[in-house]
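Take a look at the letters that make up each chain.
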Number of protein chains: 2
Amino acid sequence: MTGSSKIYLAGPEVFLPDAIAIGARKKELCRKYGFTGLFPFDNEVGPEADRVDRLIFRANVELIEQSDLGICNLTPFRGVSADVGTVFELGLLTGLGKPTFGYSNVADDLLNRTLRTGDVVRDGDVWRDRDRMSVEDFGNADNLMIDACLASQGHPIVRVAAGAGEQFHDLRGFETCLQQARNEIDIRPRRRA
Amino acid sequence: MTGSSKIYLAGPEVFLPDAIAIGARKKELCRKYGFTGLFPFDNEVGPEADRVDRLIFRANVELIEQSDLGICNLTPFRGVSADVGTVFELGLLTGLGKPTFGYSNVADDLLNRTLRTGDVVRDGDVWRDRDRMSVEDFGNADNLMIDACLASQGHPIVRVAAGAGEQFHDLRGFETCLQQARNEIDIRPRRRA
């Protein structure tokens, strides 16, 4: 492969007021490990455009198609699970055959977080929420499709206990993913991309 | 194409006590429209197996690989957004080039649902949550990656206002997706699958 591998940087930090600054920090860390980071905001769309949402979608899909691999910030977002936009991108990257890495800035299990909502009761062998939906009890950080997608590639989701107020700014888990990617990209053949 | 097209049936109903019965109803509706439904529980894994979660992941990915298209139940699940397992599968199906259809049994916008959590404040031109993350205001049912993924294929997410207690059992939106799929599969060439 000529040039540095390109990493799509998926995560809900695009919703923060300082999204551009965080993207710049992530891209700087990518350079430290010999990668080029592609941040969703790199493709900015003017607010005057028609159907801005579909243009952002198209721009993000194009960045993903250009990338060689992805790193996903799977920190719980407005609830017990990860941001669905990021999870969609994890699935898309996987379907396109691109290696993906992931981290969460909350160390606790999905089950424990869901229990803390107070809306869960024991029903025989399982925990159920107020809609009687069972809660997964595999010790995973999130839904098994997310955890197993990463674990089956040989690098389980990285969990970090970020400090209060630092859940969307702490980059230790992100840097661990970069180290994983550096180790793997150097030794395994490039997959369909 | 010989035989009936296979549809992967993605959705959080696998967590319900009557998951098997709902899967059977969905598969019966698939037959009505000339399709074969593949329900995640078709590949059951014994509880004695080691790392059951990873076996379920592998079994679901194999069903998705066998399918020709997907229908995703994107009804909000434990919060304002869809089930992340289903959203992962929407991304995976899309990355594999399989047409996907989707419905939600909640008709309201993501923004309105998020406003009702009470944790949102106005900040200049945007709404922000308690983490200062902006809330998308595109009139979409969920994160733009989900809505635009479906809209860009020519069939926006189907929204149905299900009755109280019926959000995970109402199949009207599912049947509309089957009608969309029937219309499209008959007229467009098969994509990479």
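Residues numbered from 1 in each chain as written. Chains lettered and ligands numbered in written order. Predicted model: local features only at pLDDT ≥ 70, side-chain atom pairs only at ≥ 80, totals over all residues. Heavy atoms only, no water.

**Regarding the relation of the copies chain A and chain B**
Laying chain A over chain B is done by rotating through 180° and shifting 0.0 Å along the axis; what remains is an RMSD of 0.0 Å. Read as a symmetry element, the transformation amounts to a two-fold axis. By residue overlap, the copies meet face to face through one surface: 100% of the interface positions of chain A are interface positions in chain B. (Least-squares fit on C-alpha atoms with pLDDT ≥ 70 in both. Contact = heavy atoms within 4.5 Å.)

**With respect to the interface of chain A and chain B**
Facing the 51 residues of chain A at the interface are 51 residues of chain B. Each partner contributes to the roughly 4,200 Å² buried at the junction of chain A and chain B, and carbon and sulfur atoms together form 71% of this total. When the area that chain A buries against chain B is broken down by residue, the three leading residues are A:R78, A:M133 and A:M145, summing to 18%. Taken together, chain A and chain B are joined by 2 salt bridges. With a shortest N-O distance of 2.7 Å, A:D129 and B:R78 are connected by a salt bridge. (Buried area = accessible area lost by both parts, 1.4 Å probe. Salt bridge = Lys/Arg side-chain N within 4 Å of Asp/Glu carboxyl O.)

**Some points on the state of the cysteines**
Where two cysteines share a covalent bond between their sulfur atoms, that bond is called a disulfide. As enumerated under the stated definition, the model contains 0 disulfides over all chains in all. Cysteine B:C177 shares no disulfide, and the gap to the nearest cysteine sulfur, in B:C72, comes to 8.6 Å. (Disulfide = S-S within 2.5 Å.)

**Describing the packing of aromatic side chains**
Residue and element names in this part refer to chain A. With the rule as written, the count across this model stands at 8 aromatic pairs over all chains. Where F77 meets F168, the ring centres are 6.3 Å apart and the plane angle is 85°; that geometry is what we call edge-to-face. Placement of F77 in the loop between β3 (69-73) and α3 (84-95) and of F168 in the loop between β7 (158-159) and α6 (172-185) is noted, with a sequence separation of 91 residues between them. Summarising the burial analysis for this pair, F77 and F168 share the class buried. Each ring, one from Y103 and one from F174, has its centre 6.1 Å from the other, and the planes form 65°; the classification is edge-to-face. (Phe/Tyr/Trp six-rings, centres within 6.5 Å; stacked < 30°, edge-to-face > 60°. Helix = DSSP H or I, 4+ residues; strand = E, 2+ residues; numbered from the N terminus. Buried < 20%, exposed > 50% of the residue type's maximum accessible area, 1.4 Å probe, protein only.)

**Focus: the sheet that holds β3(A)**
Residue and element names in this part refer to chain A. Spatially, 5 strands are ordered β2-β1-β3-β4-β7 in an open sheet, and the strand pairing comes out parallel. Because the sheet does not close on itself, it has two edges, and the strands there are β2 (36-38) and β7. Across 4 bridges, the pairing between strand β1 (residues 6-10) and β3 is parallel. Counted as the bridge partner of Y8 is G70 from β3. Seen against the sheet, helix α1 (residues 19-32) touches β1, β2, β3 and β4 (100-104) and runs at an angle of roughly 150° to β1. Lying over the sheet, α6 contacts β1, β3, β4 and β7, oriented at roughly 160° with respect to β4. (Pairing = 2+ DSSP bridges. Axes fitted to C-alpha atoms, helices over the stretch in contact; angles between N-to-C directions.)

**Concerning the packing of helix α2 (residues 52-66) of chain A against α3(A)**
Helix packing for two helices is described by the angle between their axes and how far apart those axes are. Residues and elements named next belong to chain A. Relative orientation of the contacting elements α2 and α3 amounts to 40°, with a least axis distance of 11 Å. Regarding the angle of α2 to α3, the classification is oblique. Handedness of the crossing formed by α2 with α3: right-handed. Taken together, the residues of α3 that come into contact with α2 (itself represented by F57, N60, V61 and I64) are F88, E89, L92 and L93. Class assignment for the residues of the contact of α2 with α3 results in 6 nonpolar, 1 polar and 1 charged. (Parallel < 35°, antiparallel > 145°, perpendicular 65-115°, else oblique. Left-handed = near helix turned anticlockwise from the far one by under 90°. Nonpolar A, V, L, I, M, F, W, Y, C, P; charged D, E, K, R; others polar.)

**What about the confidence of the model for chain A?**
With 92% of its residues at a pLDDT of 70 or more, chain A has an overall mean of 93. We note a pTM of 0.95 for the whole complex and an ipTM of 0.94 for its interfaces. (pLDDT = per-residue confidence, 0-100.)

**Observations regarding the pattern of salt bridges**
Summed over the entire model, instances satisfying the criterion amount to 26 salt bridges over all chains. One salt bridge in this structure joins B:R51 and B:D53, with 2.7 Å as the shortest N-O distance. B:R51 gets classed as partly exposed once you look at its relative accessible area, which sits at 36%. When its relative accessible area of 2% is taken as the criterion, B:D53 is described as buried. By sharing partners, the salt bridges in this structure join A:R58, A:E62 and A:E65 into a single network.

**Quick look at unusual backbone geometry**
Residue and element names in this part refer to chain A. In this structure, R78 is a non-glycine residue whose phi angle is positive, near 50°. Counting through the fold element by element, R78 comes out in the loop between β3 and α3. Despite not being glycine, R132 shows a phi value in the positive range, around 65°. Its place among the elements puts R132 in the loop between β6 (126-128) and α5 (144-151). Relative accessible area serves as the criterion here: at 47%, R132 is assigned to the partly exposed category.

**Some details on the sheet that holds strand β1 (residues 6-10) of chain B**
Residues and elements named next belong to chain B. If you walk across this open sheet you meet the 5 strands as β2-β1-β3-β4-β7, and the pairing is parallel. In the strand order of this sheet, the two ends are held by β2 (36-38) and β7 (158-159), each with one partner. Where strand β3 (residues 69-73) meets strand β4 (residues 100-104), 4 bridges bridge the pair, whose relative direction is parallel. For G70, the partnering residue across the bridge sits in β4 and is T100. Across the sheet, helix α1 (residues 19-32) is in contact with β1, β2, β3 and β4; its angle to β1 comes to roughly 150°. Strand contacts of helix α3 (residues 84-95): β1, β3 and β4, with the helix running at about 160° to β3, the strand carrying the most contacts.

**Focus on the pairing of β3(B)**
All names here are of chain B. In terms of burial, β3 is a largely internal element, 5 of the 5 residues being buried. Alternating positions in β3 separate into two faces, L69, I71 and N73 on one and G70 and C72 on the other, with burial throughout. With α3 bridging β3 and its parallel neighbour β4, the resulting β-α-β unit is right-handed. (Right-handed = clockwise from strand over helix to strand, strands pointing away.)

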